[in-house]
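As a plain string of letters, each chain reads:
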Amino acid sequence: MNDLTLGLAIAGALAVAGVLIYNRLQERRARRQAEQAFASTHGDALMDGRREPRFAAARAPAANAAAPDPRVDYIVSLELPPSAEGLLGEAWQPVAKRFSQRALLFRERPGACAAALQLVSRAGVVPEPELIEFRSAVESLAASLGGRARAPGMREALQAARELDGACAEVDIQVALHVVGVAPQQDFAGQPFQAAPREDGVTLTLDVARTADPERSYDAMARAGQALARAQGGRLVDDEGRELDERALATIRAQLAAVRSVLARRGIEPGSPLALRLFS
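All of these numbers come straight from a predicted model, not from anything done at the bench.

The rules we used
Numbering of residues starts from 1 in each chain and follows the order in which that chain's sequence is written. With pLDDT at 70 or above as the cut-off, local features in this predicted model cover only qualifying residues; side-chain atom pairs require 80 or more to be listed or tallied, and sums for whole chains, interfaces and linings still use all residues. The side-chain figures draw on all heavy atoms in the structure; neither hydrogens nor water molecules are used. Secondary structure follows DSSP: runs of H or I at least 4 residues long count as helices, runs of E at least 2 residues long count as strands, and numbering of each begins at the N terminus. Whether a residue is buried, partly exposed or exposed follows from its accessible area with a 1.4 Å probe, protein chains only, as a fraction of its type maximum: under 20%, in between, or over 50%, in that order. Where accessible areas are quoted, they stem from the Shrake-Rupley method and a 1.4 Å probe; at the residue level, only the protein chains shown are allowed to cover. To estimate the expected span of a helix, count its residues, drop one, and scale the result by 1.5 Å. Working definition: the arc comes from the directions between the helix axis and the C-beta atoms, pointing outward to the latter. The rule for a salt bridge is simple: a side-chain nitrogen of Lys or Arg has to be within 4 Å of a carboxyl oxygen of Asp or Glu. The rule for pairing is simple: two strands pair if DSSP sees at least two bridges between them. Angles shown run from 0 to 180 degrees and are taken between the N-to-C directions of axes, each axis being a line fitted to C-alpha atoms and, for helices, limited to the stretch in contact. Only heavy atoms enter the contact rule, under which two residues are in contact if any of them lie within 4.5 Å. Each angle receives one of four descriptions, namely roughly parallel if under 35 degrees, roughly antiparallel if over 145, roughly perpendicular if within 65 to 115, and oblique otherwise. Crossings are assigned a handedness: left-handed for a near helix turned anticlockwise from the far helix by less than a right angle, right-handed for a clockwise turn. Here the term charged refers only to Asp, Glu, Lys and Arg, the term nonpolar to Ala, Val, Leu, Ile, Met, Phe, Trp, Tyr, Cys and Pro, and the term polar to all other amino acids, Gly among them. Working definition: a ring pair exists when centres of Phe, Tyr or Trp rings (six-membered ring for Trp) sit within 6.5 Å. Plane angles under 30 degrees give stacked, over 60 give edge-to-face, the rest tilted.

1. Details of the overall build of the protein chain
At step 1: Counting its secondary structure elements, the protein chain contains 8 helices and 11 strands.
At step 2: Within the protein chain, the fraction of its 280 residues that count as buried is 46%.
At step 3: Element-wise, carbon and sulfur atoms account for 51% of the exposed surface of the protein chain, whose accessible area totals about 13,700 Å².

Right under this line is the structure:
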């Protein structure tokens with residue numbers, strides 16, 4: 001995913017603090033427009049370049065696989081005869097290959113399983129033609145095995161997915177703190193934030209929605225930045241080079257509670273398996 005960014009002015013005080021905050025709304029729009037423009041002729045190439053959810057489609061439906069979620073996935077229920085049990089894995093392979101790791105097959109009970117397609121991620125919402133193709137492929141699979149498929153309405157599913165995508169885009173932010181005047185190479189192994197060297201120091205970054213307990217993780221990041229600055233005679237600054245004092249750091253932290261609140265209204269906990277899929 002490109003690192004095109006848009007400063008998110010959640011509050012005037014945050015703008016004063018001047019901390020680097022990335023918002024991926026523009027990224028979602030740009031990628032969605034590109035995918036819609038080229039989906040019919042370049043679908044496979046575009047799909048290969050996406051950052052997809054990190055779970056593999058099973059060769060056969062696994063009893064302990066992560067269940068699909070109707071808030072994120074388009075779920076088709078399959079009723080299959082006992083004779084189809086040994087054939088399902090092979091029949092699923094073309095679907096898994098076409099839709100890569102966005103497709104999930106899940107056993108509900110003997111003779112019944114669900115085929116799901118993830119509709120929402122940081123790449124945006126799956127285009128309607130792709131959803132139609134998935135539904136048709138699953139219905140054909142069921143028919144070939146002597147079973148039947150029951151699918152929800154596509155229009156309603158896509159509308160709900162677009163609403164969720166819009167809500168997620170508004171809170172899809174990263175917070176970055178810069179420690180300047182220190183050695184670029186530092187060891188932050190095991191921390192809930194990312195660290196990257198820069199010419200004059202280190203940048204610490206927190207991917208808010210993908211981080212469990214973002215406020216506590218932010219506190220850990222701020223403390224680590226302050227400690228490093230003190231130890232090596234550096235400074236903790238924003239992307240404009242302005243020093244971040246305790247008041248500025250507290251102002252930034254307050255915004256993370258707002259992000260958590262927005263996600264909570266959708267039943268999404270930052271850092272949860274659902275959040276990791278949505279913000280992949």
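2. Some thoughts on helix 3 (residues 88-99)
At step 1: A rise of 1.5 Å per residue sets the reference length of helix 3, with its 12 residues, at 16 Å; its end C-alpha atoms lie 17 Å apart and thus fit the reference within 8%.
At step 2: Within helix 3, burial applies to Leu88, Gly89, Trp92, Val95, Ala96 and Phe99. The arc that holds every buried residue of helix 3, seen down its axis, measures 115°, which confines them to one face. Summarising the geometry of helix 3, the exposed residues directed more than 90 degrees from the buried face are Glu90, Pro94 and Lys97.
At step 3: Two residues or fewer after helix 3 comes Ser100, characterised by a positive phi angle close to 55°.

3. Side note on the pattern of salt bridges
At step 1: Within the structure shown, the criterion is met by 16 salt bridges.
At step 2: In this structure, the salt-bridge partner of Arg102 is Glu130, at a minimum N-O distance of 2.1 Å. Taken together, the positions of Arg102 in the loop between helix 3 and strand 3 (103-109) and Glu130 in helix 4 (residues 128-144) put the pair 28 residues apart, joining distant regions of the chain. Accessibility assignment for this pair places Arg102 and Glu130 in one class, buried.

4. Remarks on the sheet that holds strand 3
At step 1: Strand order in this open sheet of 4 strands is 3-4-2-7, and the pairing throughout is antiparallel. Taken across any chain shown, the strands that pair with only one partner, and hence form the sheet edges, are strand 3 and strand 7 (148-150). Across the sheet, the axes of successive neighbouring strands diverge by a mean angle of 25°, strand direction being ignored.
At step 2: Taken together, the 7 bridges between strand 2 (residues 73-79) and strand 4 (residues 112-118) define a ladder with antiparallel strand orientation. Its bridge partner being in strand 4, Glu79 is matched across the sheet by Ala112.
At step 3: Set on the sheet, helix 3 makes contact with strand 3 and strand 4; between it and strand 3 the angle comes to about 145°.

5. Focus: the packing of helix 6 (residues 214-232) against helix 7 (residues 246-265)
At step 1: Two elements in contact, helix 6 and helix 7, have axes separated by 9 Å at closest approach and are oriented at 160°. Classified by the interaxial angle, the pair formed by helix 6 and helix 7 is roughly antiparallel. Between helix 6 and helix 7 lies a crossing of right-handed hand. Where helix 6 approaches helix 7, its residues Pro214, Glu215, Arg216, Tyr218, Asp219, Ala222 and Gln226 are matched on the opposing element by Glu246, Leu249, Ile252, Arg253, Leu256, Ala257 and Arg260.
At step 2: The class makeup of the residues in the contact of helix 6 with helix 7 is 7 nonpolar, 1 polar and 6 charged.

6. Notes on the packing of aromatic side chains
At step 1: For the structure shown, the criterion picks out 2 aromatic pairs.
At step 2: Ring centres of Phe99 and Phe134 lie 5.4 Å apart, and the angle between their planes is 90°; on these two criteria the pair is classed as edge-to-face. Residue Phe99 is located in helix 3, and its partner Phe134 is located in helix 4; the two are separated by 35 residues in the primary sequence.
At step 3: Accessibility expressed as a relative area gives 1% for Phe99, which makes it buried.

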